[in-house]
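Residue-level structural notes
The chain contents come next:
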Amino acid sequence: MTTVSIPAGWPATEQEARAVQDELRASVLLDEPGPPPGTGHVTGVDVAYDDERDVVVAAAVVLDAASLDVLAEATAVGRISFPYVPGLLAFREIPTVLAALDALPCAPGLVVCDGYGLAHPRRFGLASHLGVLTGLPTIGVAKNPFTFTYAEPAAARGSAAPLLAGDDEVGRALRTRAGVKPVFVSVGHRVSLDNACAHTLALAPEFRLPETTRRADALCRRALEEALREASQAIPGTPQETPQESATRH
DNA sequence: GCGACAG
DNA sequence: ATCTTGTCGC
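Rules and cut-offs
Residues numbered from 1 in each chain as written. Chains lettered and ligands numbered in written order. Predicted model: local features only at pLDDT ≥ 70, side-chain atom pairs only at ≥ 80, totals over all residues. Heavy atoms only, no water. Phe/Tyr/Trp six-rings, centres within 6.5 Å; stacked < 30°, edge-to-face > 60°. Buried < 20%, exposed > 50% of the residue type's maximum accessible area, 1.4 Å probe, protein only. Helix = DSSP H or I, 4+ residues; strand = E, 2+ residues; numbered from the N terminus. Expected span 1.5 Å × (residues − 1). UniProt positions renumbered as here; feature names shortened; annotations may be inferred. Contact = heavy atoms within 4.5 Å. Near = heavy atom within 4 Å. Polar contact = N/O pair within 3.5 Å; in protein donor to acceptor, adjacent residues only side chain to side chain. Nonpolar A, V, L, I, M, F, W, Y, C, P; charged D, E, K, R; others polar.

This paragraph deals with the packing of aromatic side chains. Counted according to the given criterion, the structure contains six aromatic pairs. Arranged with centres 5.7 Å apart and planes meeting at 45°, the rings of Phe-82 and Phe-91 form a pair that is tilted. Residue Phe-82 is classed as buried on the basis of its relative accessible area, which comes to 4%. Judged by relative accessible area, Phe-91 falls into the buried class, the value being 1%. Both rings, one in Tyr-150 and one in Phe-184, keep their centres 5.0 Å apart while their planes meet at 70°; by these two values the pair is edge-to-face. Of this pair, Tyr-150 sits in strand 7 (residues 149-150) while Phe-184 sits in strand 10 (residues 183-189), placing them 34 residues apart in sequence.

Here's what the structure looks like:
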């Protein structure tokens, strides 16, 4: 597991973070269809936290898009870079997610994020942000509708309904399992909404959530437990070395 | 002004 | 996100 420090110049206030979003938003590409479903690599990314100990762990898991077999995995650990603020989730997750992606031994292909892309107060959610920073095609698949509205899709798997911010379709409520709560798909970078939904459906043949998300979630939870176990191995009463310090040391 | 609000 | 017991079902 690689270690990462908080980048220099990382936003320290909500105002600064919102300004970054407003600036980077112009770089999002929305006119590309993205890779065809069922081909190449698809990578899930997710993050687990221990706020008490100021530890964050990210995981990236590469799947073969056709078989959904795991091809590669990587994890990264760091310190929490931002508090959780609705609309600013990316600033909490991105430094460690980038480190996990960098540690992969192969190309990620399409990146599937746990959260939103376009479906965001300023149309620049985690998936958009990660896409602009990496140049990779990205989509967001969230478990909750956030502040957006939607009509309940039909009960059949594959049914969908627009996810609306007023009159704007910012994503789609997509039923991946018959009769089960839909997931909320939105475009990140360099992928169309239709294609994002097709990928999501292809990645969720059995469960509500895509396999990319399930694999990344399981891995970052295991990695967080491991990181906390190692921290508690130290002699009680001894000042604990922080991830920041171990990243700086050479 | 108050509440709601991805993870 | 995380905290948490039992329970229903494949």
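Owing to its 3.6 residues per turn, the α-helix aligns residues three or four sequence positions apart on the same side. In a regular helix each residue adds 1.5 Å, so 13 residues correspond to 18 Å; helix 2 (residues 90-102) covers 17 Å between its end C-alpha atoms and thus fits that length. Extensive coverage of helix 2 is indicated by the burial of eleven of its 13 residues. Those residues of helix 2 that sit buried are Ala-90, Phe-91, Arg-92, Glu-93, Ile-94, Pro-95, Thr-96, Val-97, Ala-99, Ala-100 and Leu-101.

Mapped onto the present numbering, the UniProt feature "site: Interaction with target DNA" (unreviewed entry) falls at Tyr-84. Setting aside residues no more than four positions away along its own chain, Tyr-84 makes contact with Leu-89 and Arg-92.

This part takes up the protein's contact with DNA strand B. Taken together, the neighbourhood of DNA strand B is formed by 19 residues, with Tyr-84, Gly-87, Tyr-116, Lys-143 and Asn-144 sitting nearest. Among all atoms of DNA strand B positioned within 4 Å of the protein, those belonging to sugar or phosphate total 42%. Here Gly-87 contributes a backbone N or O atom positioned 3.2 Å from a base nitrogen of DNA strand B. Between DNA strand B and the protein, one listed contact pairs a base nitrogen with a backbone N or O atom of Tyr-116 at 3.1 Å. A per-class count over the surface near DNA strand B returns eight nonpolar, six polar and five charged.

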